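A structural walkthrough
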Amino acid sequence: MNRAIYTADGEGFVASELARGPWDPAAQHGGAPAALLMRAFERLEPDPELMIARVTYELLRPAPLGMLVLESAVVRGGRRVKLLEASLRTPAGTEVVRARALKVARAEIGAPIREELVPPPPEEGEPADFEPRDVPMFGGHAIELRFVRGAFTEPGPATAWFRLLADIVAGEAPSPLQRLAAAADFPNGIGSVLSWREHTFINPDLTVYLEREPVGEWICLDAEMRVRAGGVGFSEAVLYDRTGRVGRSLQALVVGRRADAT
């Protein structure tokens, strides 16, 4: 099996089956393009004095497997703040994902931070119990999950560690920021209060806030979901690496009943 989620091809990238998401067998999981666009932001006018503080992804349409064209640009330059933009389009020109990244000057001073306990390490977790699948998918094939609280089959808040099992782009070792972006789209998946068999809860957006850059292979999400009748669904997670808190991810959700629900 191809052990890369994407393969570079000219000005574009070809998404393999490892990018596949849970809602449509022909569409990607949001974590795959999130990581690919994070890679683009890392390469766009790198400056060691600035760091990425926020990335917002608009998942405009299902991103298909196969070829996608990536475009990126600096839309506001500056010594203390920069705004970057990137998008993925089909070869026919249809935009499927748009993202903006805010880069901010690193703080010269620090202040006391309330001590927060890091969740139990991944070695103490239970591997995610995925249902049998006939085809490769992002969750379980491209990225490993280990629960230290909750499970897919237990509605409610959950805490799980994530580690990439495949390259984001063939031949390249994923950076810690790419690893974080790949995992950050999972709050609704692991922390759902709704049954997977009876409901859909698809996020049309993802926002990631970073208070520092992550280190290492493992990223942990302490996730929960809220759904209000007459309102919208909302998922969020605090993000950790092995050394402590890294940031937070947030998702709005389109919630509905499955047409084939029994």
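Our structure's up above, just so we're on the same page.
Residues numbered from 1 in each chain as written. Predicted model: local features only at pLDDT ≥ 70, side-chain atom pairs only at ≥ 80, totals over all residues. Heavy atoms only, no water.

1. Thoughts on the overall build of the protein
What the protein contains, in helices and strands, is four helices and 15 strands. Overall size of the protein, expressed as C-alpha extent along the three principal axes, is 55 × 50 × 40 Å. Within the span of the protein, comprising 262 residues, buried residues form 48% of the whole. Sequence separation of 24 or more characterises 66% of the internal contacts of the protein that already satisfy a separation of 6 or more. For the protein, the exposed area adds up to about 12900 Å²; of that, 51% sits on carbon and sulfur atoms. Computed over 30 positive and 36 negative side-chain charges, the inter-centroid distance for the protein is 4 Å. (Helix = DSSP H or I, 4+ residues; strand = E, 2+ residues; numbered from the N terminus. Buried < 20%, exposed > 50% of the residue type's maximum accessible area, 1.4 Å probe, protein only. Contact = heavy atoms within 4.5 Å. Areas by Shrake-Rupley, 256 points an atom, 1.4 Å probe, with all protein chains shown as cover. Lys, Arg positive; Asp, Glu negative; His and termini not counted. Charge placed at Lys NZ, Arg CZ, Asp CG, Glu CD.)

2. A few points about the packing of aromatic side chains
What the rule picks out here adds up to four aromatic pairs. Between W23 and F201, the aromatic rings sit 5.3 Å apart at their centres with planes inclined by 85°, giving edge-to-face as the arrangement. Of the two residues, W23 is situated in the loop between β2 (12-15) and α1 (31-43) and F201 in strand β11 (residues 199-202); the sequence distance between them amounts to 178 residues. Seen from their ring centres, F147 and F152 are 5.2 Å apart, and the 80° between their planes marks the pair as edge-to-face. (Phe/Tyr/Trp six-rings, centres within 6.5 Å; stacked < 30°, edge-to-face > 60°.)

3. Considerations on the pattern of salt bridges
In this structure the tally under the stated criterion is 16 salt bridges. Across the salt bridge formed by E71 and R89, the nearest N and O atoms sit 3.6 Å from each other. With E71 in strand β4 (residues 66-76) and R89 in strand β5 (residues 81-89), this pair connects stretches of sequence that are 18 residues apart. Residue classification places E71 among the partly exposed positions, given a relative accessible area of 41%. For R89, a relative accessible area of 26% puts it in the partly exposed group. Among the salt bridges present, the one from E213 reaches R106, with a minimum N-O distance of 2.9 Å. With E213 in the loop between β12 (205-210) and β13 (219-227) and R106 in the loop between β6 (95-105) and β7 (126-127), this pair connects stretches of sequence that are 107 residues apart. With a relative accessible area of 37%, R106 lands in the partly exposed category. It is possible to trace a salt-bridge network through shared partners that takes in E144, R146, R163 and E217. (Salt bridge = Lys/Arg side-chain N within 4 Å of Asp/Glu carboxyl O.)

4. Focus: the nonpolar core
Ranked by internal contacts, the top residues of the largest apolar core, which has 61 residues, are I5, Y6, Y57, I143, F162, I190 and L221. Element by element, the count of residues in this core is highest for α1, at eight residues. Residues contacting F162, with those up to four places away along its chain left out, are I143, E144, L145, A183, F186, I190, E217, W218, I219 and L221. (Core = buried A, V, L, I, M, F, W, Y, C linked by side-chain atoms within 4.5 Å.)

5. As for unusual backbone geometry
Note: most residues except glycine have negative phi, and most peptide bonds are trans. Not every positive phi belongs to a glycine, and E45 is a case in point at roughly 45°. Topologically, E45 is positioned in the loop between α1 and β3 (50-59). Here E45 falls in the partly exposed class, since its relative accessible area comes to 46%.

6. Description of the pairing of strand β8 (residues 143-151)
In this structure, β7 lies alongside β8, joined through two bridges in antiparallel fashion. Within β8, the residue paired with E126 across the bridge is F147. Both β8 and strand β9 (residues 154-164) contribute to a ladder of seven bridges, which runs antiparallel. Bridged to E144 within β9 is R163. Hairpin connection between β8 and β9: a loop of two residues separates the two successive antiparallel strands. (Pairing = 2+ DSSP bridges.)

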